[in-house]
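Read off the chains here:
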Amino acid sequence: MRRQEWIDKEDVVSVVQQCALAGVSRATIYAHQKHAPVDESDLLFSRLIDEEYTRHPFYGTRRMVVFLKTNGYSVNRKRVQRLMREMGLVGMAPGPNTSRAHPEHKVYPYLLRGVAVVRPNQVWSTDITYIRLPRGFVYLVAIIDWYSRCVLGWRISNSMDASFCVDCLEEAIRAYGKPEIFNSDQGSQFTSDAFTGVLKREEITISMDGRGRAFDNIFVERLWRNVKYEDVYLNGYATMGELMIGLAKYFILYNGERPHQSLGNKTPEVVYRTAVGGGAMILDKYPRAVDESPVPLRSSGDSSTAETRSGAEAISQKKTKPKKNTKVKPGQRRPAASEVEYSLN
């Protein structure tokens, strides 16, 4: 019995751990997987949805159905939901279930709202995007430095397994050191023990986007737009090998040659190396007022709360009451409520 046959994809233990225990390369396991035949119409709709989502990232499944219909394609919403789910696309508008983490994975709070990023390696962030190919699609993960917008690492994969995200993170740490804060969304790849374990091992503070807060990770979203419009859509890569070579050339251009207007027309590599000319901040549009007091708890026993409650009771006791001299005589019409006179005690 070959060791490859020991691997059980339905087992509780992940395929990554099984391969490590059996001494088998994951590539060998994935190479023997039988791929289902590709539906040409799915590829067409995926391409159209991907292009429209890049132009309008706030479009959800309902608007995508309307968009396809206006272009002459009658597609039901369930199919659009499936295609967008496979591509990892979610409309930016807040809504129910817009970001689902693994139910057993811990989710960390967002720590960057209102924080000024004033130096390289202060904040890194990551995200995953979908790239279509003529006979399928792949996923691209990248890590970016917020201060300089420099891409510190990237990887592509034909599956949403967390391993290629972990490899990308470890490569970036080896090449550039470690950040103070690492931000990601709540995707299962980034909340997995394998990914957060690397961050904890390096003593890096973990931050995660809030649900429905698409702009919490806006710098990576802008990177995806640039990658697709400036490279992927122009070159139309046919295979993963071509895509790998093309992306390698593009990220060299992006980091070292392409001027960035937000950086004073400097390149990300120059800003990262000199620590001059960069910076970032996610504004807090709803800060708490300085004189705003928090809502007291009933069990806190706060004296100010007791005073407020007693004052409210005193006011309630002074509520206006109708005069007692409102007795109705026989045959007399009972006065309406609006006709009753009120007086303060």
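Details of the structure are given in the entry above.
Caption draft 1: Main features of the pattern of salt bridges. The tally for this structure, following the rule as stated, stands at 13 salt bridges. One salt bridge in this structure joins Asp42 and Arg82, with 3.2 Å as the shortest N-O distance. With Asp42 in helix H3 (residues 40–55) and Arg82 in helix H5 (residues 77–87), this residue pair connects regions lying 40 residues apart in the sequence. Judged by relative accessible area, which is 14%, Asp42 ranks as buried. Salt-bridge contacts for Arg82 lead to Glu86; the nearest nitrogen and oxygen are separated by 3.4 Å. Placement of both Arg82 and Glu86 in helix H5 is noted, with a separation of four residues, approximately one turn of the helix. Its relative accessible area of 28% is what places Arg82 among the partly exposed residues. A relative accessible area of 32% places Glu86 in the partly exposed class. Here the salt bridges do not stand alone but share partners, grouping Asp39, Asp42, Arg79, Arg82 and Glu86 into one network.

Caption draft 2: View of unusual backbone geometry. Of note in this structure, Glu203 is not a glycine but carries a positive phi near 60 degrees. Among the secondary structure elements, Glu203 is positioned in the loop between helix H8 (193–201) and strand S5 (205–208). The backbone phi angle of Ala275 is positive, close to 60 degrees, even though this residue is not glycine. Looking at the secondary structure, you find Ala275 in the loop between helix H11 (268–274) and helix H12 (303–317).

Caption draft 3: Region of the structure containing the nonpolar core. The biggest cluster of nonpolar side chains holds 33 residues, and the ones touching the most others in it are Leu140, Trp146, Leu247 and Phe251. Elements that contribute at least two residues to this core include exactly strand S1 (123–133), strand S2 (136–145), strand S3 (151–157), helix H9 (218–235) and helix H10 (240–256). For this core, the leading source of residues is H9, giving seven residues. Core analysis: the next-biggest nonpolar cluster, separate from the first, contains 24 residues, Cys150, Ala172, Phe182 and Leu199 among them.

Caption draft 4: Representation of the sheet that holds strand S4 (residues 181–184). Reading across from one edge, S3-S2-S1-S4-S5 is the order of the five strands in this open sheet, with mixed pairing throughout. Bordering the open sheet on either side are S3 and S5, each of which pairs with just one other strand. The average undirected angle you get between the axes of adjacent strands in this sheet is 20 degrees. Here S1 pairs with S2 via 10 bridges, running antiparallel. Residue pairing in the sheet places Leu133 in a bridge with Gly136 of S2.

Caption draft 5: Local environment of H5. Within the span of H5, buried status applies to Val80, Leu83, Met84 and Met87. Down the axis of H5, the sector holding all buried residues measures 95 degrees, keeping them to one side. Of the exposed residues in H5, those oriented more than 90 degrees away from the buried face are Lys78 and Arg85. Turning to H5, the residues buried within the fold contact H3, helix H4 (61–70), S1 and S2.

Caption draft 6: Region of interest: the packing of aromatic side chains. Here the structure, examined in full by the defined rule, presents 11 aromatic pairs. Between Phe45 and Tyr73 the ring centres are 5.6 Å apart and the planes differ by 75 degrees, which places this aromatic pair in the edge-to-face class. Taken together, the residues Phe45 in helix H3 and Tyr73 in the loop between H4 and H5 connect sequence positions 28 residues apart. The class of Tyr73 is partly exposed, set by a relative accessible area of 28%. Three or more aromatic residues joined by ring pairs form one cluster here, namely Trp154, Tyr250, Phe251 and Tyr254.

Caption draft 7: Local environment of the environment of Gly256. In this structure, Gly256 sits in helix H10. By relative accessible area, which is 33% here, Gly256 ends up partly exposed. Placed 14 residues apart in sequence, Gly256 and Val270 show a C-alpha to C-alpha distance of 7.6 Å. Dropping the residues within four chain positions of it, Gly256 is found in contact with Thr267 and Glu269.

Caption draft 8: The environment of Gly88, seen in detail. For Gly88, the position within the fold is in the loop between H5 and S1. For Gly88, a relative accessible area of 45% puts it in the partly exposed group. Separated by 42 residues in sequence, Gly88 and Tyr130 place their C-alpha atoms 6.7 Å apart.

Quick notes on the rules
- Residues numbered from 1 in each chain as written.
- Predicted model: local features only at pLDDT ≥ 70, side-chain atom pairs only at ≥ 80, totals over all residues.
- Heavy atoms only, no water.
- Salt bridge = Lys/Arg side-chain N within 4 Å of Asp/Glu carboxyl O.
- Helix = DSSP H or I, 4+ residues; strand = E, 2+ residues; numbered from the N terminus.
- Buried < 20%, exposed > 50% of the residue type's maximum accessible area, 1.4 Å probe, protein only.
- Core = buried A, V, L, I, M, F, W, Y, C linked by side-chain atoms within 4.5 Å.
- Pairing = 2+ DSSP bridges.
- Axes fitted to C-alpha atoms, helices over the stretch in contact; angles between N-to-C directions.
- Arc of directions from axis to C-beta.
- Contact = heavy atoms within 4.5 Å.
- Phe/Tyr/Trp six-rings, centres within 6.5 Å; stacked < 30°, edge-to-face > 60°.

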